[in-house]
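So the chains spell out like this:
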Amino acid sequence: MALSDLPDRAVGPGEVRVRVDAAGVNPVDAGNRADPAWAGIAPPYVVGYEFAGEATEVGDGVGHLAAGAAVWGLLPVRGTRWGAYAQEVVTDAGFIAPRPERLSLAEAAALPLAGATALQLLDRLDPSPGEWMLVHGAAGGVGHLLVQMARARGVRIAAAASPPRHALLQRLGVEVVIDRHRPSALAALREAVGRDLPLTADLVGGGCLTASLELMAEGGRAGSIVELAGDLDEALDRNLTLHGVLMRPGVDVLARLGALVEAGAIRPEIDEILPLEQAARAHERVESGSGQGKLVLSVPH
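These numbers were taken from a predicted model, which means no experiment stands behind them.

> So what about unusual backbone geometry? Which residues, and what values?
Cis rather than trans, the peptide bond between Pro 43 and Pro 44 has omega equal to -5 degrees. Checked against the element boundaries, Pro 44 lands in the loop between α1 (27-34) and β2 (50-58). Although it is not a glycine, Ser 184 sits at a positive phi angle of roughly 50 degrees. Mapped onto the elements, Ser 184 comes out in the loop between β8 (176-179) and α6 (185-193).

> Lay out the side chain of Glu 107 with the relevant residues and their values.
Residue placement: Glu 107 occurs in helix α2 (residues 105-110). Separated by 3.0 Å, the side chain of Glu 107 and the backbone nitrogen of Ser 104 make a polar contact. Apart from residues lying up to four places away in sequence, Glu 107 is in contact with Arg 102, Arg 267, Pro 268 and Ile 270.

> Quick rundown of helix α3 (residues 112-125)? Include the residues and the values.
With 14 residues, α3 extends 20 Å from end C-alpha to end C-alpha; this agrees with the ideal 20 Å at 1.5 Å per step. By the burial criterion, the buried members of α3 are Pro 112, Leu 113, Ala 114, Gly 115, Ala 116, Thr 117, Ala 118, Leu 119, Gln 120, Leu 121, Leu 122 and Leu 125. Asp 126 lies just past α3 and shows a positive phi near 50 degrees.

> Describe the environment of Gly 12, with residues and values.
Residue position: Gly 12 is located in the segment before β1 (15-25). Here Gly 12 falls in the buried class, since its relative accessible area comes to 18%. Once the C-alpha coordinates of Gly 12 and Tyr 45 are considered, the two residues, 33 residues apart in sequence, prove to be 20 Å apart. Not counting chain neighbours up to four residues away, the residues in contact with Gly 12 comprise Gly 59 and Asp 60.

> Help me get a handle on the packing of α3 against helix α9 (residues 251-262), residues and values and all.
Direction vectors running N to C along α3 and α9 enclose 95 degrees, while the axes themselves pass 10 Å from each other. For the element pair α3 / α9, the angle class is roughly perpendicular. Judged by residue contacts, Pro 112, Gly 115, Ala 116, Leu 119, Gln 120 and Asp 123 of α3 engage Val 253, Leu 254, Arg 256, Leu 257 and Leu 260 from α9. The residue inventory of the contact of α3 with α9, partitioned by class, reads seven nonpolar, two polar and two charged.

> So, the sheet that holds strand β9 (residues 197-202): which residues are in play, and what are the values?
One open sheet accounts for six strands, arranged β8-β7-β6-β9-β10-β11; its pairing is parallel. Every other strand in the sheet has two partners, leaving β8 and β11 (241-244) as the edge strands with one partner each. Adjacent strand axes in the sheet meet at a mean angle of 15 degrees when their direction is disregarded. Sheet strands touched by α3: β6 (132-136), β9, β10 (216-224) and β11. Its angle to β10, the strand with the most contacts, is close to 155 degrees.

> I'd love a proper account of the pairing of strand β12 (residues 270-275), names of residues and values included.
One ladder, built from five bridges, connects β12 with strand β13 (residues 294-298); its direction is parallel. Within the sheet, the bridge partner assigned to Pro 275 lies in β13 and is Ser 298. For the segment spanning β12, helix α10 (residues 279-288) and β13, crossover handedness is right-handed.

Scoring rules and cut-offs
Residues numbered from 1 in each chain as written. Predicted model: local features only at pLDDT ≥ 70, side-chain atom pairs only at ≥ 80, totals over all residues. Heavy atoms only, no water. Helix = DSSP H or I, 4+ residues; strand = E, 2+ residues; numbered from the N terminus. Polar contact = N/O pair within 3.5 Å; in protein donor to acceptor, adjacent residues only side chain to side chain. Contact = heavy atoms within 4.5 Å. Expected span 1.5 Å × (residues − 1). Buried < 20%, exposed > 50% of the residue type's maximum accessible area, 1.4 Å probe, protein only. Axes fitted to C-alpha atoms, helices over the stretch in contact; angles between N-to-C directions. Parallel < 35°, antiparallel > 145°, perpendicular 65-115°, else oblique. Nonpolar A, V, L, I, M, F, W, Y, C, P; charged D, E, K, R; others polar. Pairing = 2+ DSSP bridges. Right-handed = clockwise from strand over helix to strand, strands pointing away.

Structure follows, in structure tokens:
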């Protein structure tokens with residue numbers, strides 16, 4: 001990645017120009033940077049799919065926004081060629097909404113993509129109050145928001161994580177936390193919970209979902225935002241329902257996230273804020289998998 005100047009884009013009917021002040025960083029950004037084929041784009045391109053800033057120009061037919069409004073936005077992770085790592089974004093107004101007043105710029109940039117992913121995964125799993133959910137990647141960008149949303153619905157959470165992340169998870173309300181490096185960590189987690197788990201959310205991949213199937217209750221539900229791969233025979237034997245989830249953006253999901261923020265149900269954890277020119281370093285950190293919460297890029301003007 002390199003900083004470069006691009007020509008201004010005109011604002012058409014139904015579109016909005018947004019001055020970007022902060023942009024969130026996600027694993028899918030790094031994936032699309034490394035290989036844009038899945039996203040259906042070709043070089044040159046700008047990655048980044050969530051941002052916060054100010055609407056500076058509004059096209060004809062846009063009724064829910066006005067120039068000067070504080071906004072946040074969420075772009076599709078496939079098909080978006082000119083993304084959020086930029087001083088401005090021109091996009092369909094259906095991807096932009098008024099920004100929640102309770103969030104700082106960095107928090108508003110950190111929430112949309114991970115929050116929408118967590119919310120849509122939780123909708124698919126449809127947990128009931130009191131049910132146990134095993135969350136892989138509970139301290140990550142999506143995971144720490146999924147935990148907060150699930151706890152707001154009365155779900156009980158179990159997670160296997162590295163010891164440096166235990167304090168964060170306990171603060172978020174995770175009831176059972178096991179060191180993922182210990183031998184037979186998942187079996188120890190199942191023993192600590194005291195029952196088979198009806199729900200599993202895999203936000204990591206690398207075989208986490210398949211390794212968890214034998215811990216799940218008959219007729220349980222599992223979801224992944226990463227992969228549905230490997231030996232899934234155990235899912236058949238236990239009559240499990242498997243969900244693969246790819247986030248879908250829109251004003252409706254931003255409104256739902258805003259309502260959760262205003263209700264005090266969720267708040268993004270900011271791992272680090274870096275200047276836009278250090279986007280490569282941000283991607284290195286994301287690819288290392290070592291963070292807690294979200295990375296955010298601050299955009300100069």
